[in-house]
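Structural features, examined
As a plain string of letters, each chain reads:
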Amino acid sequence: MTKTAVLLGASSVIGSALTEVLSLQGFDLIGTTRSKPSSSTRNRFKFLIKCDFSRSQSVEQLVTSLSERGTKWDLMVILPGQMEPIGNLAESSWSSVEE
């Protein structure tokens, strides 16, 4: 039986790399993206859902969409590239994360 992974933030740099790894491991992939993903990323997914995690209405639409599709998954990975109040993690120092 094929396993299914949901990648929240699939178009991030880490999300793209993890997409490749899980795809090679035989997972069916479902992803969310805030921006338009590359065609190579898009082609690896069973389906993609547009979601902006900074907007609660967008997150509610994601939950509704997954529920309406009867989506069941074995693995969920949260990968958004920017989280508040920290901001862009790539540009943050550990001291600012600890605050």
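To keep things clear, this report deals only with the structure shown in the data block. (Residues numbered from 1 in each chain as written. Predicted model: local features only at pLDDT ≥ 70, side-chain atom pairs only at ≥ 80, totals over all residues. Heavy atoms only, no water.)

Take the overall build of the chain next. On a plain count of helices and strands, the chain comes out with four helices and six strands. Secondary structure elements of the chain, listed N to C terminal, follow the sequence β-α-β-α-β-α-β-β-β-α. Across the 99 residues in the chain, those meeting the buried criterion constitute 33%. Look at the contacts in the chain between residues 6 or more apart in sequence, and 47% of them connect residues 24 or more apart. About 6800 Å² of surface is accessible on the chain, with carbon and sulfur atoms providing 51% of the total. (Helix = DSSP H or I, 4+ residues; strand = E, 2+ residues; numbered from the N terminus. Buried < 20%, exposed > 50% of the residue type's maximum accessible area, 1.4 Å probe, protein only. Contact = heavy atoms within 4.5 Å. Areas by Shrake-Rupley, 256 points an atom, 1.4 Å probe, with all protein chains shown as cover.)

What follows concerns the sheet that holds strand β2 (residues 28-33). Pairing in this open sheet of four strands is parallel, and the strands run β3-β2-β1-β4 from one edge to the other. The open sheet terminates on both sides in strands that have one partner only, identified here as β3 (47-50) and β4 (75-78). Pairs of neighbouring strands in the sheet enclose a mean axial angle of 15 degrees, with direction left out of account. Sheet topology places strand β1 (residues 4-8) next to β4; four bridges connect them, and they run parallel. Residue pairing in the sheet places L7 in a bridge with V77 of β4. Lying on the sheet, helix α1 (residues 13-24) is in contact with β1, β2 and β4; it crosses β1 at an angle near 175 degrees. Contacting β1, β2 and β3, helix α3 (residues 56-68) runs over the sheet at an angle of about 150 degrees to β3. (Pairing = 2+ DSSP bridges. Axes fitted to C-alpha atoms, helices over the stretch in contact; angles between N-to-C directions.)

Attention shifts here to the nonpolar core. Among the nonpolar cores identified, the biggest contains nine residues, and these are A5, L7, A10, L22, F27, L29, F45, V77 and L79. With sequence-adjacent residues up to four places away left out, F45 is seen in contact with L7, A10, T19, L29, I30 and G31. F47, I49, C51 and L66 belong to the second largest nonpolar core, which has eight residues in total. (Core = buried A, V, L, I, M, F, W, Y, C linked by side-chain atoms within 4.5 Å.)

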